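Notes for the structure review
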Amino acid sequence: TQSTWAKMAGMCFIAAGNPGSGKSCLLNSIAGEVLFHSGQSVGVGLTEVLKWATSSSGAKLADTPGLDDIAKCKQAATEIEAALKSDMAAAKLFFPIVPVNGRILGTDIATIKLIIGAISFPIPYGIIVNQVPEQLLNSGSATLQSLIENALADHPPVKVAFLPEIPGFRSSGEQFFQHDTLDNFVKDLPAVELRPHQVKTIEVDKHEQLTREVNKLNEELEKARKKQEEDAKRIKDLESRPPVIIHHASPPRQRGGLLRKIGLL
């Protein structure tokens, strides 16, 4: 069944991000039908050139190549620019990213910074944290969101959604799915007018430098978070200990004074 929010003729959905983040599958899921080939990829993305498709409901969807594909990053930047310059009256831009070992990769944040930096106004955009393991979804999503917001503090996303890892989904060969979180994310993501003159060249040569900067920031934030956790644990341990009562010994009384009190002197 097609999702209701994809039934808008002329609405454009642009997925941008790095290889293996699930752009093609997410676009298929938005459309409610298979429009793009999706699957597992290692190192290089399955999408090498910009691909447009129109859903049976009239929504237009753009699948862009990954900017972090080292061998083809300049070509990918050109393809992404072409997508952004497609003269859209109602565009929704989002970036899928996949956490690795519970962390957001610096290269993903660098890609987002470079692409939104090529747009001449503060475009509202969203981030889908995709394929999140259940344990991380339950205990670490707030930390991931904080890392994203800090790393993109100069132009934060208006919407961040966390999609769970679906066991067996990749190996099953399925190429789209339905999930309420995805439905709500795309419905709530603002659509904006985006014209060709509002898009500049993506400065792909800065990708490596930005990645290093973001990784350094992530390391500093991780250290601060661990220290905060250690301090909180130390305070909790101290609070849980029984109070220490200190008894002060009374100064010894002089014998004469005691004898006078009992009338012997």
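All values derive from a computational prediction rather than experimental measurement. (Residues numbered from 1 in each chain as written. Predicted model: local features only at pLDDT ≥ 70, side-chain atom pairs only at ≥ 80, totals over all residues. Heavy atoms only, no water.)

So, about the nonpolar core. Looking at soluble globular proteins, one finds that nonpolar side chains tend to be buried together. Membership of the largest hydrophobic core comes to 45 residues, with the highest contact counts inside it found for Leu67, Leu84, Leu93, Phe95, Ile127 and Val129. Element by element, the count of residues in this core is highest for helix 3 (residues 106-117), at 6 residues. In this structure Leu67 touches Gly17, Asn18, Cys73, Ala76, Ala77, Ile80, Thr111, Leu114, Ile115, Ile202, Val204 and His207, once residues within four positions along its chain are discounted. One finds Phe13, Phe36, Ile128 and Leu189 within the second-largest nonpolar core, a separate group that totals 22 residues. (Core = buried A, V, L, I, M, F, W, Y, C linked by side-chain atoms within 4.5 Å. Buried < 20%, exposed > 50% of the residue type's maximum accessible area, 1.4 Å probe, protein only. Helix = DSSP H or I, 4+ residues; strand = E, 2+ residues; numbered from the N terminus. Contact = heavy atoms within 4.5 Å.)

Our focus in this paragraph is the pattern of salt bridges. Inspection of the entire model under this criterion finds 10 salt bridges. In this structure, Asp231 engages Lys227 in a salt bridge whose closest nitrogen and oxygen atoms are separated by 3.0 Å. Residue Asp231 and its partner Lys227 are located together in helix 8 (residues 207-240), separated by 4 residues, close to a single helical turn. You can call Asp231 partly exposed: its relative accessible area is 25%. Among the salt bridges present, the one from Asp231 reaches Arg234, with a minimum N-O distance of 2.9 Å. Taken as a pair, Asp231 and Arg234 lie in helix 8 at a separation of 3 residues, close to a single helical turn. A residue is classified by how much of its surface remains accessible, and Arg234, at 47% relative accessible area, is partly exposed. By sharing partners, the salt bridges in this structure join Asp87, Glu193 and Arg195 into a single network. (Salt bridge = Lys/Arg side-chain N within 4 Å of Asp/Glu carboxyl O.)

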